[in-house]
Amino acid sequence: MSKKVRVAVLISGNGTNLQALIDACIAPNYPAEIVLVISNKANTKGIERARKAGITTRVVDHTNYSSREEFDTELSKILSNSQCTLVCLAGFMRILSESFVNKWPNSILNIHPSLLPSFPGTKTHERALEAGVKVSGCTLHFVTAELDAGPIIGQAAVPVLDNDTPKTLANRVLKEEHKLYALGLELVANKILQNKKIALNSEKSTVSKSLLNF
Ligand code: GAR
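Residues numbered from 1 in each chain as written. Predicted model: local features only at pLDDT ≥ 70, side-chain atom pairs only at ≥ 80, totals over all residues. Heavy atoms only, no water.

### Focus: the site of the ligand
Here is step 1 of the chain: Taken together, the neighbourhood of the ligand is formed by Asn14, Gly15, Thr16, Asn17, Gly91, Met93, Ile111, His112, Pro113, Leu174 and Glu177.
Here is step 2 of the chain: For the ligand, an oxygen atom lies 2.5 Å from a polar atom in the side chain of threonine 16.
Here is step 3 of the chain: With respect to the ligand, the backbone of asparagine 17 contributes an N or O atom lying 2.9 Å from an oxygen atom.
Here is step 4 of the chain: For the ligand, whose unbound accessible area comes to 450 Å², protein coverage reaches 83%.
Here is step 5 of the chain: Mapped by element, the contributors of at least two residues to the shell around the ligand are helix H1 (16–25), strand E5 (108–112) and helix H6 (166–193). (Near = heavy atom within 4 Å. Polar contact = N/O pair within 3.5 Å; in protein donor to acceptor, adjacent residues only side chain to side chain. Areas by Shrake-Rupley, 256 points an atom, 1.4 Å probe, with all protein chains shown as cover. Helix = DSSP H or I, 4+ residues; strand = E, 2+ residues; numbered from the N terminus.)

### Considering helix H3 (residues 68–82)
Here is step 1 of the chain: Taking 1.5 Å of rise per residue, 15 residues should cover 21 Å, and H3 covers 21 Å from first to last C-alpha, within 8% of that figure.
Here is step 2 of the chain: Within H3 the residues assigned to the buried category are Phe71, Asp72, Glu74, Leu75, Ser76, Ile78, Leu79 and Ser82.
Here is step 3 of the chain: Of the residues flanking the end of H3, it is glutamine 83, one or two places downstream, whose phi is positive at about 55°. (Expected span 1.5 Å × (residues − 1). Buried < 20%, exposed > 50% of the residue type's maximum accessible area, 1.4 Å probe, protein only.)

### Section: the packing of H1 against helix H2 (residues 45–52)
Here is step 1 of the chain: The geometry of H1 relative to H2 is characterised by a closest axis approach of 9 Å and an angle of 15° between their N-to-C directions. Between H1 and H2, the angle is such that the two are roughly parallel. Our pair here, H1 against H2, has a crossing hand that is right-handed. Here H1 contributes Thr16, Leu18, Gln19 and Ile22 to the contact with H2, which in turn contributes Gly46, Arg49 and Ala50.
Here is step 2 of the chain: Grouping the amino acids of the contact of H1 with H2 by side-chain chemistry returns 3 nonpolar, 3 polar and 1 charged. (Axes fitted to C-alpha atoms, helices over the stretch in contact; angles between N-to-C directions. Parallel < 35°, antiparallel > 145°, perpendicular 65-115°, else oblique. Left-handed = near helix turned anticlockwise from the far one by under 90°. Contact = heavy atoms within 4.5 Å. Nonpolar A, V, L, I, M, F, W, Y, C, P; charged D, E, K, R; others polar.)

### Here's the deal with the packing of aromatic side chains
Here is step 1 of the chain: Scanning all chains against the criterion turns up 1 aromatic pair.
Here is step 2 of the chain: It is arginine 94 that lies over the ring of phenylalanine 71; its NZ or CZ is 5.4 Å from the centre. (Phe/Tyr/Trp six-rings, centres within 6.5 Å; stacked < 30°, edge-to-face > 60°. Lys NZ or Arg CZ within 6 Å of the ring centre and 35° of its normal.)

### Regarding unusual backbone geometry
Here is step 1 of the chain: Cis geometry is adopted by the peptide bond preceding proline 117, which originates at leucine 116 and carries an omega value of 15°.
Here is step 2 of the chain: In this structure, proline 117 sits in the loop between E5 and helix H5 (124–131).
Here is step 3 of the chain: One non-glycine residue, asparagine 106, adopts positive backbone phi at about 55°.
Here is step 4 of the chain: Even without a glycine there, the phi angle at aspartate 148 is positive, about 55°.
Here is step 5 of the chain: Here aspartate 148 is to be found in the loop between strand E6 (135–142) and strand E7 (152–159).

### Remarks on the pairing of strand E4 (residues 86–89)
Here is step 1 of the chain: Burial of the side chains of E4 extends over both faces: Leu86 and Cys88 are buried on one face and Val87 and Leu89 on the other.
Here is step 2 of the chain: Running through helix H4 (residues 98–103), the crossover from E4 to the neighbouring parallel element E5 is right-handed. (Right-handed = clockwise from strand over helix to strand, strands pointing away.)

Right, here's the structure in full:
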């Protein structure tokens, strides 16, 4: 394949989802390439993973900006300069402002460690265990201005075991996140390469429909 979709990945920490995407992009026929990794924290394992893979990295420390909008404006500038088409949030623990999200319509993907719409936000595994659910999982979705509420691209489920702790459940879910993210990005990037319009209406989204067959 000669043409690939240019992707920037935003991280805040360990970057195992980033690693899954880096690994997926190695396949010659994978339709996406990671052109930039941005972390809002310095010295993260994720940045180390990107450097090891030879990917351009930037640290944009949010504590250096006086407002969310200022930080987001800088992010948007860097992303535009990278000429990326898609932005993948992979453990990026910052809420993006509405103006940022509106600048990147249908272009930001996020992986969340629960079966949305259940347990949006943080401490998902703790809350899933407290609620006593027997199934949990992860969700890959497009990002809209409302937190963890954008159109769902795909989901993967895992059982919740009686003796689970937040950590054991998180590890089980994380393994599924890696597979789901690589598959979902492949599907979205292929749609872009095929010039197919991705509808933002979740129920009508061609992407969601295809991914329901996972
Ligand atoms: C992942 O479980 C991801 O779903 C979660 O942070 C972890 C990052 O792991 N993201 C969120 O909770 C975002 N709301 P990683 O850095 O190893 O990919």
